[in-house]
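The primary structure of each chain is shown beneath.
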Amino acid sequence: MKNLVERIRELKKKKNAIILAHSYQNIEIDEVADFVGDSLYLSQMAKATEADIIVFAGVYFMAQTAKIISPEKKVLLPNLNAGCLMADMINLHQMMDFKKSHPNIPVVCYINSTAEVKAECDICCTSSNALEIVKSLNSPKVLFVPDANLGKWVESKLEGVEVITYDGNCPVHNNITITDIETARVKYPDAKILIHPECKPEVSSLGDYIGSTSGIIDYVKNSSDKKFVIVTEKGVYDRLRRDYPDKEFVLIRDNMLCESMKLTTLEEILHSLEYEVNEITLDENVRRLSAGCIERMLKVSR
Ligand code: 13P
Ligand code: SF4
């Protein structure tokens, strides 16, 4: 009897499919994944691939993004309950109200949002290119949805740009406090503290490095330091421990878990690929409009 991993690998070959996995995903999924990384990298891979099927081991907005930019491909999300708490904080009506109360200002939309919301925005961004994208607009005022923390962090880095933020956040990151970081500094004085910008800006500003999940992983890769405090979801910590056994890692809190990401299992990946179920579909008008938002980002940030 073949094991799950072998069966998934065989099916991928037979069906010309690839598996994209976010760095927060359950680590055993890396065994079948073709690409593992952050939101920007995975959307670039979704666009570049010549596969017929993309199985997205991530959350809903990620699979939806893959479908938006690669409409001719079949995109499957192994567990349809894998949502994103932040993306769910803004719907189309809330988006329209936000724009109405701040007219004639360009709107940047974090990739953690639905296609309907993206369709109403000028340009998309991810945590690894948010600064570059806001800068590229050359506007003294910018609206930013849905992550207030990322938006305010960008504002703190740019002179002369007001970033007007929607009141959304990621509860996994938003819960981290200044005290958590100060305590870690005292407890691990020789460690570098690496923070995801979805944390509150007053928290991020205390880090030695602030960046996306891939940014954090690359920082460790290129650093001669030996000890790191990881301030993002546990999947990043798990992969760092696996890949750098000679370095030491501390997760800022035990409960840094994105429950949605952890819903996906190898069994579900096999099931969705075998029967081609849990396919992402989109209204064509929404898809076209949201594609413009993402394509503009990919032009600025290759
Ligand atoms: P990345 O841009 O680092 O992939 O972050 C996505 C995300 O959902 C973080 O919570
Ligand atoms: Fe969404 Fe937060 Fe999970 Fe990232 S960690 S996918 S922002 S709920």
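Residues numbered from 1 in each chain as written. Chains lettered and ligands numbered in written order. Predicted model: local features only at pLDDT ≥ 70, side-chain atom pairs only at ≥ 80, totals over all residues. Heavy atoms only, no water.

Participant: Can you explain the sheet that holds strand S10 (residues 209-210)? Please cite residues and give values.
Facilitator: Here four strands make up an open sheet; going across it, the order is S10-S9-S11-S12 and the pairing parallel. Each of the sheet's edge strands pairs with one partner strand only, and the pair in question is S10 and strand S12 (248-251). Across four bridges, strand S11 (residues 227-231) lies against S12 in parallel orientation. The residue bridging Phe-228 from the neighbouring strand is Phe-249, located in S12. Each of strand S9 (192-195) and S11 touches helix H9 (residues 178-187); the most contacted strand, S9, lies at about 155 degrees to it. (Pairing = 2+ DSSP bridges. Helix = DSSP H or I, 4+ residues; strand = E, 2+ residues; numbered from the N terminus. Contact = heavy atoms within 4.5 Å. Axes fitted to C-alpha atoms, helices over the stretch in contact; angles between N-to-C directions.)

Participant: Help me get a handle on the packing of aromatic side chains, residues and values and all.
Facilitator: If you walk through the whole model with that rule in mind, you get four aromatic pairs. Ring geometry for Phe-35 versus Tyr-41: centroids 6.1 Å apart, planes at 75 degrees, classification edge-to-face. What makes Tyr-41 partly exposed here is its relative accessible area of 30%. Both rings, one in Phe-228 and one in Phe-249, keep their centres 5.6 Å apart while their planes meet at 20 degrees; by these two values the pair is stacked. Of the two residues, Phe-228 is situated in strand S11 and Phe-249 in strand S12; the sequence distance between them amounts to 21 residues. Both residues of the pair, Phe-228 and Phe-249, belong to the buried class. (Phe/Tyr/Trp six-rings, centres within 6.5 Å; stacked < 30°, edge-to-face > 60°. Buried < 20%, exposed > 50% of the residue type's maximum accessible area, 1.4 Å probe, protein only.)

Participant: Tell me about the site of ligand 2, residues and numbers included.
Facilitator: Neighbouring residues of ligand 2: Tyr-24, Val-59, Cys-84, Leu-85, Asn-112, Cys-170, Glu-198 and Cys-258. Considering only residue class, the shell around ligand 2 consists of six nonpolar, one polar and one charged. (Near = heavy atom within 4 Å. Nonpolar A, V, L, I, M, F, W, Y, C, P; charged D, E, K, R; others polar.)

Participant: Break down the side chain of Ser-139 for me, with residues and values.
Facilitator: Here Ser-139 is to be found in the loop between helix H6 (130-136) and strand S7 (141-145). For Ser-139, a relative accessible area of 15% translates into the label buried. For Ser-139, the side chain forms a polar contact with the main-chain oxygen of Lys-141, separated by 2.6 Å. (Polar contact = N/O pair within 3.5 Å; in protein donor to acceptor, adjacent residues only side chain to side chain.)

Participant: I'd love a proper account of the site of ligand 1, names of residues and values included.
Facilitator: Close to ligand 1 lie His-22, Tyr-24, Asp-38, Ser-39, Tyr-110, Asn-112, Ser-127, His-173, His-196, Glu-198, Ser-212 and Thr-213, which account for all nearby residues. Here Tyr-24 contributes a side-chain N or O atom positioned 3.4 Å from an oxygen atom of ligand 1. In the model, an oxygen atom of ligand 1 is placed 3.0 Å from a nitrogen or oxygen of the Asn-112 side chain. Within the complex, 96% of the 300 Å² of free accessible area of ligand 1 lies under protein. Grouping the constituent residues of the shell around ligand 1 by class yields two nonpolar, eight polar and two charged. (Areas by Shrake-Rupley, 256 points an atom, 1.4 Å probe, with all protein chains shown as cover.)

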